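Descriptive analysis of the structure
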Amino acid sequence: MRKLSVIGLLAVALVILSASASMGGDAFLKGGYKQFRKEHDSEFNTWIISGGSDYKLIPYISLGFEIQYSHKKVEEQSFNWLNLYLNAKAYAYGGSVRPYIGGGVGLQTATKWTGELEETTFAKDVGYQLLGGVAIGPPGALGLVLEAQLQLPKDLDGITAIHFMAGITW
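Residues numbered from 1 in each chain as written. Predicted model: local features only at pLDDT ≥ 70, side-chain atom pairs only at ≥ 80, totals over all residues. Heavy atoms only, no water.

Here we look at the environment of Ala-148
On the secondary structure map, Ala-148 appears in strand 7 (residues 143–153). Of the residues examined, Ala-148 reaches a relative accessible area of 34% and is grouped as partly exposed. Remark: the alpha-carbon pair of Ala-148 and His-163, spanning 15 residues in sequence, is separated by 5.6 Å. Residues within four places of Ala-148 in sequence aside, it is in contact with Leu-130, Leu-131, Gly-132 and His-163. (Helix = DSSP H or I, 4+ residues; strand = E, 2+ residues; numbered from the N terminus. Buried < 20%, exposed > 50% of the residue type's maximum accessible area, 1.4 Å probe, protein only. Contact = heavy atoms within 4.5 Å.)

Now the structure itself:
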């Protein structure tokens, strides 16, 4: 369990370190709350951390990536989620306050750890996310970001989770 948690946190750290050197439009680090929906029990709700970078294609459109990690222990089982997305965002206008909407496609993974290595299960699938938020601060400079994300499964049968995120951009 600890190995998976450390790997997830190292992946986010790697994204942060490489994003600042990537010369992207905005690199970001966000944290927030992951709330599961529908058939998923609320006991799985947990904190989430993510990092990534957006690259401007034209002044109001960007393409980027995001790595998300969250962990939850329920009774004797530990769950780790690691999601990797390619995202596109459309900004309403330039300036210091930039509202945006976007979406992405990527790999959604989860592990269920029971304490015995042979009993660990791993699930992975393609998934989607819709997002919207506001970036406060000029592009490429230190600023704030507030964002809500809807995580969707491959078959698009309802929302799997809602993420409420806040963080910094640079």
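Overview of the confidence of the model for the chain
Looking at the chain as a whole, its pLDDT mean stands at 83, while 78% of the residues score no less than 70. Mean pLDDT values for the elements of the chain range from 62 in helix 1 (residues 2–20) up to 95 in strand 8 (residues 161–169). (pLDDT = per-residue confidence, 0-100.)

Brief notes about the pattern of salt bridges
Where charged atoms from two side chains of opposite charge come close, those side chains can pair. This model, assessed by the stated rule, comprises 5 salt bridges. Among the salt bridges present, the one from Glu-147 reaches Lys-30, with a minimum N-O distance of 2.6 Å. Of this pair, Glu-147 sits in strand 7 while Lys-30 sits in strand 1 (residues 26–36), placing them 117 residues apart in sequence. Grouping residues by exposure puts Glu-147 and Lys-30 together as buried. (Salt bridge = Lys/Arg side-chain N within 4 Å of Asp/Glu carboxyl O.)

Overview of the environment of Ala-135
Topologically, Ala-135 is positioned in strand 6 (residues 121–136). Look at Ala-135 and you get buried, because its relative accessible area is 4%. Along the primary structure Ala-135 and Thr-169 are separated by 34 residues, whereas in three dimensions their C-alpha atoms are 7.9 Å apart. Apart from the residues within four sequence positions on either side, Ala-135 is in contact with Ser-96, Val-97, Arg-98, Tyr-100, Leu-144 and Val-145.

Quick notes on the packing of aromatic side chains
Geometrically, a pair of aromatic rings is defined through the distance of the ring centres and the angle of the planes. In this structure the tally under the stated criterion is 7 aromatic pairs. Taking the centre distance of 4.9 Å and the plane angle of 85° together, the rings of Phe-44 and Phe-79 count as edge-to-face. Note that Phe-44 is positioned in the loop between strand 1 and strand 2 (46–58) and Phe-79 in strand 4 (residues 77–91), a separation of 35 residues in sequence. Every member of this aromatic cluster is reached through a ring pair, and the members are Phe-36, Phe-44, Phe-79 and Trp-81. Sitting over the ring of Phe-28, Lys-30 keeps its end group 4.4 Å from the ring centre. (Phe/Tyr/Trp six-rings, centres within 6.5 Å; stacked < 30°, edge-to-face > 60°. Lys NZ or Arg CZ within 6 Å of the ring centre and 35° of its normal.)

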